[in-house]
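Each chain is listed here by its residues.
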Amino acid sequence: MYIYLAGESMSLNSLQSNKPQVQMTKIGVVLSGGGIRGVAHIGFLKFLEEQGIKPTHFAGASAGSIVGALAAAGHSPDKMLEIAKEHKIFSIIKPSWPSLGLTALDKLPKLLNKYIEVDRIEDLSHPLAVSASSITQAESCIFKSGPLFQVVQASCSIPVIFRPVEIEGELYVDGGLLNNIPAQGIRDDVDVLLGFNLVPGEPMEKESISSMFKLAIRTFELAISSSAKEGADMCDLMLIADKSEQDAVFFSNNVEKIYEKGYRTAENHKEEILAVCESEVDA
């Protein structure tokens, strides 16, 4: 794995130094992939906002990279929810068999460009790290600089469903494939790191796998869940979206219900969230 920073690649081992001592508490959030379920990340951020917790750094994979990009550009959770409702931005990356073979995810950059004025990751209001999987180099890459819309498109390009995205001569697909919790991109830059995982890879009833398409998606999600462990272990607190009624809610297009699911998950862990954030402030 390597990380792109200011046009250079840096080994992951070189970033494993102790966290820097700072006077102001820096709080990072890392958001997993999960297709339409990505709306739940907005609910999570809304809950943090209501508690007076203001993240300074963002990292994300696939759907999490969309929310991370919007948040890093300075958009509030309310504004992000408005965008999700108006444009169904997460439905764009919802898995489905393309009728004419591989399709491009071209609508996503155009839509993001309506709400984000800059097209360089390093020019955003807040630091952002986005994971994408290099199918040419066979490794996960974390972008902290570079063409924002292209990188987010690559991070959301589910293999076989969407065409790979070429960046600087390399082909990239969904970031969650090899690193669904890209905490490595911001761990050393923050004092507190909160994670939100939408694809934990939990058991499911065999009756739910009723078609080849559902089998393919289940297989892909199992691969995604196994790629999250290293990043999850780096977080001070990792939240997993409430799985109750998951199929009914998370695989629907009901933006409001998915948003509420993310909010309620965070609310159910209010004490843990406040404790981990306050412990660093008091340190």
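These numbers were taken from a predicted model, which means no experiment stands behind them.

### Description of the packing of helix α4 (residues 107–115) against helix α5 (residues 148–155)
(1) Moving on: Viewed as axis vectors pointing N to C, α4 and α5 meet at an angle of 135 degrees, and their least axial separation amounts to 9 Å. Regarding the angle of α4 to α5, the classification is oblique. Handedness of the crossing formed by α4 with α5: right-handed. Along the contact surface, α4 presents Leu108, Pro109, Leu112 and Asn113, while α5 presents Phe149, Val152 and Gln153.
(2) Moving on: Class assignment of the residues belonging to the contact of α4 with α5 gives a composition of 5 nonpolar, 2 polar and no charged.

### A short note on the side chain of Arg37
(1) Moving on: Note that Arg37 resides in the loop between β3 (27–31) and α1 (39–50).
(2) Moving on: Within the local environment of Arg37, its side chain forms a polar contact with the backbone oxygen of Gly34, the two atoms lying 3.1 Å apart.

### Re the side chain of Asp191
(1) Moving on: Turning to its location among the elements, Asp191 is positioned in the loop between β8 (170–173) and β9 (192–197).
(2) Moving on: Overall, the relative accessible area of 7% leaves Asp191 in the buried class.
(3) Moving on: Only 2.7 Å separates the side chain of Asp191 from the backbone nitrogen of Lys26, close enough to count as a polar contact.

### Some words on unusual backbone geometry
(1) Moving on: Although it is not a glycine, Ala138 adopts a positive phi angle of roughly 60 degrees.
(2) Moving on: Tracing the chain through its elements places Ala138 in the loop between β5 (128–134) and β6 (139–143).

### Overview of the pairing of strand β4 (residues 57–61)
(1) Moving on: Most of β4 sits inside the fold, with 5 of its 5 residues counted as buried.
(2) Moving on: By the alternation rule, side chains of β4 split into His57, Ala59 and Ala61 and Phe58 and Gly60, which are all buried.
(3) Moving on: Pairing geometry for β3 and β4, over 4 bridges, is parallel. By the bridge assignment for β4, Gly28 is matched with His57.
(4) Moving on: As for the winding sense of the linkage, the β-α-β connection from β3 through α1 to β4 is right-handed.
(5) Moving on: Bridge count for β4 against β5 is 4 bridges, and the pairing is parallel. Looking across to β5, one finds that Phe58 is bridged to Leu128.

### A few points about the nonpolar core
(1) Moving on: Counting 69 residues, the largest nonpolar core has Phe44, Ile66, Phe90 and Leu194 as its most contacted members.
(2) Moving on: With residues near it in sequence (within four places) discarded, Phe90 still touches Gly35, Ile36, Gly38, Val39, Ile42, Ala63, Ile66, Val67 and Ala84.
(3) Moving on: Counting residues in hydrophobic clusters, the runner-up holds 12 residues, among them Val30, Ala59, Ile181 and Ala228.

### Focus: the layout of surface pockets
(1) Moving on: In this structure, the second largest pocket spans a volume of roughly 250 Å³.
(2) Moving on: Lining the second largest pocket are 15 residues; nearest its centre among them are Glu49, Pro55, Phe58, His75 and Pro77.
(3) Moving on: Secondary-structure elements contributing two or more residues to the lining of the second largest pocket are α1 and α3 (77–87).
(4) Moving on: With 3 residues, the single largest contributor to the lining of the second largest pocket is α1.
(5) Moving on: The residue makeup of the lining of the second largest pocket, split by class, is 8 nonpolar, 5 polar and 2 charged.

### Some details on the environment of Lys261
(1) Moving on: Checked against the element boundaries, Lys261 lands in helix α9 (residues 255–267).
(2) Moving on: Overall, Lys261 belongs to the buried group, its relative accessible area being 12%.

### As for the packing of α3 against α4
(1) Moving on: Interaxial distance between α3 and α4 falls to 12 Å at its minimum, and their mutual angle equals 140 degrees. Relative to α4, the element α3 lies oblique. Here the hand of the crossing between α3 and α4 comes out right-handed. For the pair α3 and α4, contact is made by Lys79, Ile83, Glu86 and His87 and by Leu111, Lys114 and Tyr115, respectively.
(2) Moving on: Per-class residue counts for the contact of α3 with α4 are 3 nonpolar, 1 polar and 3 charged.

### Points about the pattern of salt bridges
(1) Moving on: Taken as a whole and judged by the stated rule, the model has 9 salt bridges.
(2) Moving on: A salt bridge links Glu49 to Lys46; the nearest nitrogen and oxygen atoms lie 3.1 Å apart. Pair noted here: Glu49 and Lys46 are both in helix α1, with a separation of 3 residues, about one helical turn.
(3) Moving on: On the basis of relative accessibility, which here comes to 37%, the residue Glu49 falls in the partly exposed class.
(4) Moving on: Using a relative accessible area of 13% as the deciding quantity, one classes Lys46 as buried.
(5) Moving on: Across the pair Lys46 and Asp78 runs a salt bridge, and its minimum N-O distance is 3.3 Å. Of the two residues, Lys46 is situated in helix α1 and Asp78 in helix α3; the sequence distance between them amounts to 32 residues.

Rules behind the numbers
Residues numbered from 1 in each chain as written. Predicted model: local features only at pLDDT ≥ 70, side-chain atom pairs only at ≥ 80, totals over all residues. Heavy atoms only, no water. Axes fitted to C-alpha atoms, helices over the stretch in contact; angles between N-to-C directions. Helix = DSSP H or I, 4+ residues; strand = E, 2+ residues; numbered from the N terminus. Parallel < 35°, antiparallel > 145°, perpendicular 65-115°, else oblique. Left-handed = near helix turned anticlockwise from the far one by under 90°. Contact = heavy atoms within 4.5 Å. Nonpolar A, V, L, I, M, F, W, Y, C, P; charged D, E, K, R; others polar. Polar contact = N/O pair within 3.5 Å; in protein donor to acceptor, adjacent residues only side chain to side chain. Buried < 20%, exposed > 50% of the residue type's maximum accessible area, 1.4 Å probe, protein only. Pairing = 2+ DSSP bridges. Right-handed = clockwise from strand over helix to strand, strands pointing away. Core = buried A, V, L, I, M, F, W, Y, C linked by side-chain atoms within 4.5 Å. 1 Å grid on protein atoms, 1.4 Å probe; cavity = no way out; pocket = protein on both sides within 12 Å on 5 of 7 lines; lining within 4 Å. Points joined across faces, edges and corners; volume = space filled by probe spheres on them. Salt bridge = Lys/Arg side-chain N within 4 Å of Asp/Glu carboxyl O.

All quantities given are derived from atomic positions and should not be read as evidence of function.
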